[in-house]
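Single-letter residue listing:
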Amino acid sequence: MPLPHGYIDFHEAKAPFFVGIDLGGTSIKVGVVDDLGRPLHRLSVPTEVHRGAEDAAARMGKAVRDAVEAAGLKTSAIARVGLGSPGTMDIRQGLIVAPVNLKGWDNFPLRDRTAFHCDLPLTFENDANAAAYGEYWVGSGRDFQSIALFTLGTGIGCGIIIDDFPIDGENSHGGECGHMIIDPSPDARICPCGFRGHLEAYASALSFVKRAKEALESGAVSSLSERIAAGETLSPLMAAEEAEKGDDLSLKLIFETARYLAVGIVNVMHTVDPSAILIGGAMTFGGNKTPLGRQFLSEIRQEVAQRTFAVLAKKTKIEFATLGGDAGFIGAAGMARLDYRKLTG
């Protein structure tokens, strides 16, 4: 079977090797990466949250062994494993504390139990920072000293990397930019976390659908109505398809999302001053591959330029991320590589 685009055979790979685990609420991605950040093999297994954290740790251990074998390597060739986990978490203690999408896993020692089942040393990191590190190491951030990665999906994730290091924060809550406040008004939109005015309440996929429904219920004319009446489920993808056909409401919602996101981006620029801001996730409206995606990015850039200093607008690059769904496990493996190099000199 031919390797996926961008993947290499182990005969071409440069040792040492690392494994990255990207833990999500629905699936767990596990991939083997060489010392240059090139993936050799990736597999995915269901998370099955209801089976509990210990069961998941055991299955992650098995998935690591399976991925290594499928890559044509032995477990002894693996220098270290990296695990990117959703929060909330205590990175120093290796605990997953109160994860929203992993009910019942509270205060579980995920780092140590997964390391036990892998029988390999393991680096523990926030999943958003892991994805950001993947882009920083070998993705669209590889030419920059510092980046912030916004991932647009059901929610909004963000990871910040500065000079090879993730911004974890004192309470393992650094980089949670989806929960920055962009609207302080008392009637601001409510974020899924329960607080008002957060970026995620305005620029996530859930928010997009909610705003679209509100517009339609208020009488907006749109081809979206016909598709909903035909039994389809309203989504950003549907809006993107209709926007490409010229639907005014869909275009308005997409550009409105870009402007909300730009406010969050400017806040990060004014706080961290990264070299580049990267936009990834499932809701990029086609990214660089489509005219609509390029329009979306252009709208973000224009709004940023209107809200920040000219020198920042000129020097800070705003681009789409390039690693897609591989960013999480590649970045987790890359952070394991960082720890390995610290320990071995």
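As the structure is a prediction and not an experimental result, all values here were calculated from the model. (Residues numbered from 1 in each chain as written. Predicted model: local features only at pLDDT ≥ 70, side-chain atom pairs only at ≥ 80, totals over all residues. Heavy atoms only, no water.)

Ranked by size, the top nonpolar core spans 51 residues in total, and within it F150, L261, I265, I277, I279, F296 and I300 carry the most contacts. In terms of residue count, the dominant contributor to this core is helix 8 (residues 248-272) (12 residues). When residues no more than four places from it in sequence are discounted, the contact partners of I300 are A258, L261, A262, I265 and I318. With 36 residues, the next largest nonpolar core counts I21, L43, V81 and F124 among its residues. (Core = buried A, V, L, I, M, F, W, Y, C linked by side-chain atoms within 4.5 Å. Buried < 20%, exposed > 50% of the residue type's maximum accessible area, 1.4 Å probe, protein only. Helix = DSSP H or I, 4+ residues; strand = E, 2+ residues; numbered from the N terminus. Contact = heavy atoms within 4.5 Å.)

Time to look at the sheet that holds strand 12 (residues 317-320). Read across the open sheet, the five strands follow the order 10-9-8-11-12; overall the sheet is mixed. For this open sheet the edge positions go to strand 10 (165-166) and strand 12, each flanked by a neighbour on one side alone. Both strand 8 (residues 146-152) and strand 9 (residues 156-162) contribute to a ladder of seven bridges, which runs antiparallel. When the sheet's bridge partners are listed, L149 is paired in strand 9 with G159. (Pairing = 2+ DSSP bridges.)

In this section: the state of the cysteines. By the definition in use, this model includes zero disulfides. As a non-bridged cysteine, C177 has C158 as the owner of its nearest cysteine sulfur, 3.5 Å distant. Judged by relative accessible area, which is 9%, C177 ranks as buried. (Disulfide = S-S within 2.5 Å.)

Scanning the entire structure with this criterion turns up 22 salt bridges. In this structure, K62 engages D66 in a salt bridge whose closest nitrogen and oxygen atoms are separated by 2.7 Å. Placement of the pair is K62 and D66 together in helix 1 (residues 53-70), with a separation of four residues, close to one helical turn. For K62, a relative accessible area of 45% translates into the label partly exposed. With a relative accessible area of 30%, D66 lands in the partly exposed category. Each member of the salt-bridge network shares a partner with another, and the members are R227, E232, E241, E242 and K245. (Salt bridge = Lys/Arg side-chain N within 4 Å of Asp/Glu carboxyl O.)

Moving on: the pairing of strand 2 (residues 27-33). Counting buried positions along strand 2 gives five out of seven residues, so the element sits mostly inside the fold. Where strand 1 (residues 17-23) lies against strand 2, six bridges are found, and the strand directions are antiparallel. In the sheet register, L23 faces strand 2, and the bridge partner there is I28. Here strand 2 pairs with strand 3 (residues 39-46) via seven bridges, running antiparallel. When the bridges of strand 3 are listed, K29 appears paired with S44. Between strand 2 and strand 3, which pair antiparallel one after the other, the connecting turn spans five residues, and G37 there sits at a positive phi close to 80 degrees.

The strand order across the open sheet formed by five strands is 3-2-1-4-7, and the pairing between neighbours is mixed. Where the open sheet ends on each side, the last strands, each with one partner, are strand 3 and strand 7 (122-126). On average, adjacent strands in this sheet sit at an angle of 15 degrees to one another, irrespective of strand direction. Across the sheet, helix 2 (residues 110-118) is in contact with strand 1, strand 4 (78-85) and strand 7; its angle to strand 7 comes to roughly 140 degrees. Across the sheet, helix 3 (residues 127-138) is in contact with strand 1, strand 2, strand 4 and strand 7; its angle to strand 7 comes to roughly 105 degrees. (Axes fitted to C-alpha atoms, helices over the stretch in contact; angles between N-to-C directions.)

Okay, helix 2 next. Looking at helix 2, one finds that the buried residues are L110, T114, A115, H117 and C118. In a view along the axis of helix 2, the buried residues occupy a sector of 165 degrees, so they form one face of it. Where the residues of helix 2 are buried, they touch strand 1, helix 1, strand 4, strand 6 (95-96) and strand 7. Looking one or two residues beyond helix 2, the residue adopting positive phi is D119, at roughly 60 degrees. (Arc of directions from axis to C-beta.)

As a further point, take helix 7 (residues 236-244). Working note: α-helix, 3.6 residues per turn, so residues spaced by three or four point in the same direction. Those residues of helix 7 lying buried are P236, M238, A239, A240, E242 and A243. If you follow the buried residues of helix 7, they end up packed against helix 5 (205-217), helix 6 (224-229), helix 8 and helix 9 (291-307). Trailing helix 7 by a residue or two, G246 shows a phi angle of about 100 degrees, which is positive.

Next up on the list: the packing of aromatic side chains. This model, assessed by the stated rule, comprises six aromatic pairs. Taking the centre distance of 5.9 Å and the plane angle of 45 degrees together, the rings of F208 and F285 count as tilted. Separated by 77 residues along the polypeptide, F208 in helix 5 and F285 in the loop between strand 11 (276-281) and helix 9 bring together distant segments of the chain. Residues F208 and F285 agree in their burial class; the two are buried. With a centroid separation of 4.9 Å and 70 degrees between ring planes, the pair formed by F285 and F296 is classed as edge-to-face. (Phe/Tyr/Trp six-rings, centres within 6.5 Å; stacked < 30°, edge-to-face > 60°.)

Turning to the packing of helix 5 against helix 8, a few remarks are in order. Interhelical geometry of helix 5 versus helix 8 gives an angle of 135 degrees and a closest axis separation of 11 Å. Relative to helix 8, helix 5 is oriented oblique. Handedness of the helix 5/helix 8 crossing: right-handed. Across the interface between the two elements, F208, R211, A212, A215 and L216 of helix 5 pack against L249, L253, I254, E256, T257 and Y260 of helix 8. (Parallel < 35°, antiparallel > 145°, perpendicular 65-115°, else oblique. Left-handed = near helix turned anticlockwise from the far one by under 90°.)

In short, the description is geometric, and any link to function would need to be established separately.
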